[in-house]
Amino acid sequence: MIQKPVQRKIYVTGLILLSLGILFSGPVVSMSTMLLGANWFSELNYRKRLQLFLRNPTALLLSAVFFMHLLGFLWTSNFNYGLDDVRTKVPLFVLPFIISTTPALSKNEFRLLLAFFITGVVVSTLISMTALWHWLPVQVHDIRDISLFISHIRLSLMICLSLFALAYFFVRYPSIGLRGLIIVTGCWLVVFLGILESLTGLIILVIVSFVICILYFSKRRPKLALTVGLITLLLFIGAVFQINSIAKGFTEVKPVSLKELPKKSPGGHLYYNDSTFLIVENGTYVMLQACWEELRPSWKTRSKIPFDSVDAKGNPVSVTLVRYMASKGFLQKDAETFSALTDADIHAIESGICNYKYRSLGSLNGRIYESIWEIDVYKKGMNPSGHSMTMRFEFWKTGWHIFKHNWLTGVGTGDVRDAFTKQYIADNSKLDERWRLRAHNQYLAIAVAFGALGLLLFLISLVYPLLQNKMYRNYFYLVFFMIVCISMLTEDTLETQAGVTFYAFFNSIFLFAQPKET
């Protein structure tokens, strides 16, 4: 099947706009999808193209996930929520349908699409930095806020894909100047992942790099495989040592005898000692020797944020304050030690930063520390609300309970949110109401909605192209497959427009539009 030149240009333009829309704009995603659809209808030959689709088991299987969501209306009660969910999932059908029934891209078209996507990712990271540097009129309280257009998790996935696309261009083009530009761009994107504090993105990057070296480059380019493999191994070893170093703040605790602690502050007020809240910051107990009678008025003289309110991250100011003071080694937290805090310290506390070592936004060490702290607090039975890592444990536990009660066919397309709300109540969850979210695991989300049968279909739709079409031999598809599958362990990747479009678009491109020789 041959497209007319005008229709071909419209098709390629639509693909490029869609790849950029995923990064920057939901409306652009919708408009470019409609452009691709209108162009498809303008080409006529409906019968022949429909036959192409129906004879393509991979395209049918990918689309079946969308139709599973439609089928899920048969046993759902919340149709409004279900309709919103189905609208989000439309790309799961539309993009495989259009791309699988359109001639594959030429080598130059494919490379052009990748080049635009990489450029879009780089531009997005640069715009994010202008937000971090306060060059834009946006409030940045958490490093995640610098991802202005899409979730920082989605952006990190696209950065990972761009890095492997850059590796492809590095191998294909021997130009010294171009390779220099690729190296600089790649280094920047890796650095930005660190600035973004994206542990998910960095973990995916390390795992995929290692697997690609073993499976793809080991025979074709052994020197390159060895180099990348050694770098990956060194990064892993370095990460282990760094995490161990950070974790010492929880294991090397300064010994304290409650009987020997002073009862009153130098100002004559009683200290509060909560021996049940044995949380530490840099080896110093947080809830020992806290003089609230002095901290409250002292805070009022230095900050406009009320002492009994929350910081920029939604945590109680009082807790953030004593955590921060403990991180500076202040066992006694009173007016005297409070006076030692600088204006920069006060601003950090207002911003929700709990440890002086990680006062600047974009501190990867700070993100690692916070994750270890969250796990330590969770193990001690504290409320995980507001802590991204340990809240997931509660999400997964709640989702698993729902699945166990609806294991065969799930709760249906529209009842997922209602099922979680009821289960949180039934489990008497410690999570605050505003943090009682959905699964944050795509496999579990599918199982909750459609049961074991739906999960089986979803897993087959993932694995079938890889095995039946032998796409494990294809560099781009293998990279994309691993990025997506790993991300789905900790994220509802297909529950947002950006996520589902990213998956449906690149899955279809690498399966149906990729030229045989790239």
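Quick note: structure is the one above.
About the criteria used
Residues numbered from 1 in each chain as written. Predicted model: local features only at pLDDT ≥ 70, side-chain atom pairs only at ≥ 80, totals over all residues. Heavy atoms only, no water. Salt bridge = Lys/Arg side-chain N within 4 Å of Asp/Glu carboxyl O. Helix = DSSP H or I, 4+ residues; strand = E, 2+ residues; numbered from the N terminus. Buried < 20%, exposed > 50% of the residue type's maximum accessible area, 1.4 Å probe, protein only. Core = buried A, V, L, I, M, F, W, Y, C linked by side-chain atoms within 4.5 Å. Contact = heavy atoms within 4.5 Å. Axes fitted to C-alpha atoms, helices over the stretch in contact; angles between N-to-C directions. Parallel < 35°, antiparallel > 145°, perpendicular 65-115°, else oblique. Nonpolar A, V, L, I, M, F, W, Y, C, P; charged D, E, K, R; others polar. Phe/Tyr/Trp six-rings, centres within 6.5 Å; stacked < 30°, edge-to-face > 60°.

Caption draft 1: Molecular detail of the pattern of salt bridges. Counted under the stated rule, the structure contains 14 salt bridges. Between Arg-8 and Glu-109 there is a salt bridge; the shortest N-O distance is 2.8 Å. With Arg-8 in helix α1 (residues 5-24) and Glu-109 in helix α7 (residues 107-132), the pair connects residues that are 101 residues apart, well separated along the chain. Assigned by exposure class, Arg-8 and Glu-109 land together as buried. Two residues, Arg-87 and Asp-84, come together in a salt bridge whose shortest N-O distance is 2.2 Å.

Caption draft 2: Examining the nonpolar core more closely. Residues Leu-15, Ile-483, Phe-502, Tyr-503, Phe-505, Ile-509 and Phe-510 are the most contacted members of the largest nonpolar core, which totals 110 residues. In this structure, Ile-483 is in contact with Leu-157, Cys-160, Leu-161, Phe-164, Ile-204 and Val-208, ignoring residues within four places of it in sequence. Membership of the second largest hydrophobic core comes to 29 residues, among which are Leu-321, Ile-346, Tyr-358 and Val-377.

Caption draft 3: Broad picture of the packing of helix α12 (residues 292-300) against helix α13 (residues 317-327). At a closest axis distance of 12 Å, the pairing of α12 and α13 adopts a crossing angle of 105 degrees. Regarding the angle of α12 to α13, the classification is roughly perpendicular. Seen from α12, the contacting residues are Trp-292, Leu-295 and Trp-299; seen from α13, they are Val-317, Ser-318, Leu-321, Val-322 and Met-325. Of the residues belonging to the contact of α12 with α13, the class tally is seven nonpolar, one polar and no charged.

Caption draft 4: Looking closely at the packing of aromatic side chains. Applying the stated criterion across every chain yields a total of 37 aromatic pairs. With centroids separated by 5.3 Å and ring planes inclined at 70 degrees, the aromatic side chains of Phe-67 and Phe-93 adopt a geometry described as edge-to-face. You can see Phe-67 sitting in helix α4 (residues 57-71) and its partner Phe-93 sitting in helix α6 (residues 91-100), a full 26 residues away along the chain. Given the relative accessible area of 41%, Phe-67 is considered partly exposed. Judged by its relative accessible area of 22%, Phe-93 is partly exposed.

Caption draft 5: Representation of unusual backbone geometry within the structure. One non-glycine residue, Asn-428, lies in the positive phi region at around 55 degrees. The residue Asn-428 is located in the loop between α18 (416-426) and α19 (442-468) in this model. The class for Asn-428 is exposed, based on a relative accessible area of 65%. Positioned with a positive phi, His-440 is a non-glycine residue whose angle comes to about 55 degrees. Inspection of the secondary structure puts His-440 in the loop between α18 and α19.

By themselves, these figures tell us nothing about what the structure is for.
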